[in-house]
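# Notes for the structure review
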Amino acid sequence: MMALDLPRVAGKLTPDAPLAPLVWFKSGGAAEWLFEPKDLADLQAFLHDLDPATPVMALGLGSNLIVRDGGVPGVVVRLGKAFAQVERADDTTLSCGGGASGILVSSTARDAGIAGLEFLRSIPGTVGGFVRMNGGAYGSEVKDVLVDCDVVLRSGDLVTLPVAALHFTYRHSDLPEGAIVVAARFRGCAGDPAAIQSEMDRISASREASQPLRSKTGGSTFKNPRPEISGGKKAWELVDAAGCRGQMQGGAQVSEKHTNFLINTGHATSADIEALGEEVRRRVKEKSGVELEWEIQRVGRQ
């Protein structure tokens, strides 16, 4: 796709942009085009004028993503500072930009005395990703706190969707293909800032103790299966029982610390990481009969 075929933008539009530096695994190919819109109007105009046949994908912090080595066709949209603001909407509600991080959202909630959003501190991603994936941790999910969200459709139209319209299930929403979440409202309840900070500290300590946070990883690799299917076992327990702790494929490894995490030990390709995940799925199926589903998103060409 030539630059002449693309709409003019006020933001930044980069051809053949490496995505490995932008994702947690630090692997994978390039985006055919990487678009960082200046503001909402820039994003809307670009999508409105872009050939409808051109695929569009949003990229947040890249924490739950395998970008395949062949790169991503079409346009990857990355929301910058213009979409990273978090403001208090009322006594118990925050208005958050789609590019805002979970740390910023939870910290702003603490300062405003809004409890119930502490779990977002533990999810390494942005508001847009939380909404799309119904992000959750420590017993809470986005569906529990989301009021509504503003979404730019592939056509460039801006719509506001109430939580009911997203039909949330475990790590899934019905957001339209190519749609980009540009803002969301989260509602908690009145709380004491000191107690909120204490809960955030507890969550941080728990993550530090149990997850390989200092590694090149992608977060939880597989969805926890339904208890009636797995006998109550979580994904990491099934992976462990299948003898996969520490298993390697090229430069990729199943974490010794938490077996539902894959890590790039140094120079793994995305093919290494994905192949390791598929081998883990095969072994778990063989051992327990449970078919693990990927939680990590895999995008692009092999």
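The structure under discussion appears in the preceding block.
So, a few notes on the structure that sits alongside this text. Since the structure is predicted, the reported quantities are computational estimates derived from the model, not experimental observations.

## Considerations on the overall build of the chain
Helix and strand counts for the chain stand at seven helices and 19 strands. Expected size for 302 residues packed as a compact globule is a radius of gyration near 19 Å; at 19 Å, the chain falls within 12% of this value. Dimensions of the chain along its principal axes, counting C-alpha atoms only, are 50 × 50 × 30 Å. Taking the intrachain contacts of the chain between residues at least 6 apart in sequence as the baseline, contacts between residues at least 24 apart amount to 65%. For the chain, the distance from the average site of its 33 positive side-chain charges to the average site of its 37 negative ones is 4 Å.

## Thoughts on unusual backbone geometry
Its identity is not glycine, yet lysine 26 carries a phi of approximately 55°, on the positive side. Mapped onto the secondary structure, lysine 26 falls in the loop between β1 (12–18) and β2 (30–36). Here asparagine 134, not a glycine, exhibits a phi torsion of approximately 50°, which is positive. With respect to the helices and strands, the residue asparagine 134 is situated in the loop between α3 (127–133) and β9 (136–137).

## What about the nonpolar core?
General note: in soluble globular proteins, nonpolar side chains tend to be found buried as a group. Core analysis: the biggest nonpolar cluster contains 29 residues, and Val105, Leu117, Leu120, Val131 and Phe186 have the highest contact counts within it. Within the second largest apolar cluster, 20 residues are counted, among which are Cys244, Ala268, Val280 and Trp294.

## Observations regarding the environment of leucine 13
With respect to the secondary-structure elements, leucine 13 resides in strand β1. We classify leucine 13 as partly exposed; its relative accessible area is 22%. As for leucine 13 and glycine 97, which are separated by 84 residues in sequence, their C-alpha atoms are 21 Å apart. Setting aside its immediate chain neighbours within four residues, leucine 13 contacts Leu6, Pro7, Trp33, Leu34, Phe35 and Phe46.

## Thoughts on the pattern of salt bridges
The tally for this structure, following the rule as stated, stands at 23 salt bridges. When the shortest N-O distance is used, the salt bridge between arginine 78 and glutamate 36 registers 4.0 Å. With arginine 78 in strand β5 (residues 72–78) and glutamate 36 in strand β2, the pair connects residues that are 42 residues apart, well separated along the chain. By relative accessible area, arginine 78 is classed as partly exposed at 25%. The closest approach of N and O atoms between arginine 282 and glutamate 286, which form a salt bridge, is 3.4 Å. Of this pair, arginine 282 and glutamate 286 both sit in helix α7 (residues 270–288), four residues apart, roughly one helical turn.

## Observations regarding the side chain of histidine 258
With respect to the secondary-structure elements, histidine 258 resides in the loop between β17 (252–254) and β18 (262–264). By relative accessible area, which is 18% here, histidine 258 ends up buried. Every residue in contact with histidine 258, bar those within four places of it in the chain, is listed here: Ser210, Gln211, Pro212 and Trp236.

## Examining α7
Over its 19 residues, α7 runs 27 Å from end to end, which matches the ideal 27 Å to within 8%, given 1.5 Å per residue. Among all positions in α7, only Ser270, Asp272, Ile273, Glu274, Leu276, Gly277, Glu279, Val280, Arg281 and Val284 are buried. Residues of α7 that are buried make contact with β4 (65–67), α6 (235–241), β16 (248–249), β17, β18 and β19 (297–299).

## Section: the state of the cysteines
On inspection of all chains with the given rule, the structure shows zero disulfides. Between cysteine 189, a cysteine without a disulfide, and cysteine 96, which holds the nearest cysteine sulfur, the sulfur-to-sulfur distance is 15 Å. Residue classification places cysteine 189 among the partly exposed residues on the basis of a relative accessible area of 42%.

## Section: helix α1 (residues 40–49)
Buried within α1 are the following residues: Asp42, Leu43, Phe46 and Leu47. Down the axis of α1, the buried side of the element spans an arc of 120°, and every buried residue falls inside it. Along α1, exposed side chains directed more than 90 degrees from the buried face belong to Ala41, His48 and Asp49. Capping the start of α1 is the job of one residue whose side-chain oxygen sits 3.3 Å from the backbone nitrogen of alanine 41: aspartate 39.

Calculation notes
Residues numbered from 1 in each chain as written. Predicted model: local features only at pLDDT ≥ 70, side-chain atom pairs only at ≥ 80, totals over all residues. Heavy atoms only, no water. Helix = DSSP H or I, 4+ residues; strand = E, 2+ residues; numbered from the N terminus. Rg over C-alpha atoms; globule rule 2.2 N^0.38 Å. Contact = heavy atoms within 4.5 Å. Lys, Arg positive; Asp, Glu negative; His and termini not counted. Charge placed at Lys NZ, Arg CZ, Asp CG, Glu CD. Core = buried A, V, L, I, M, F, W, Y, C linked by side-chain atoms within 4.5 Å. Buried < 20%, exposed > 50% of the residue type's maximum accessible area, 1.4 Å probe, protein only. Salt bridge = Lys/Arg side-chain N within 4 Å of Asp/Glu carboxyl O. Expected span 1.5 Å × (residues − 1). Disulfide = S-S within 2.5 Å. Arc of directions from axis to C-beta. Polar contact = N/O pair within 3.5 Å; in protein donor to acceptor, adjacent residues only side chain to side chain.

Purely geometric stuff here, so don't read any function into it on its own.
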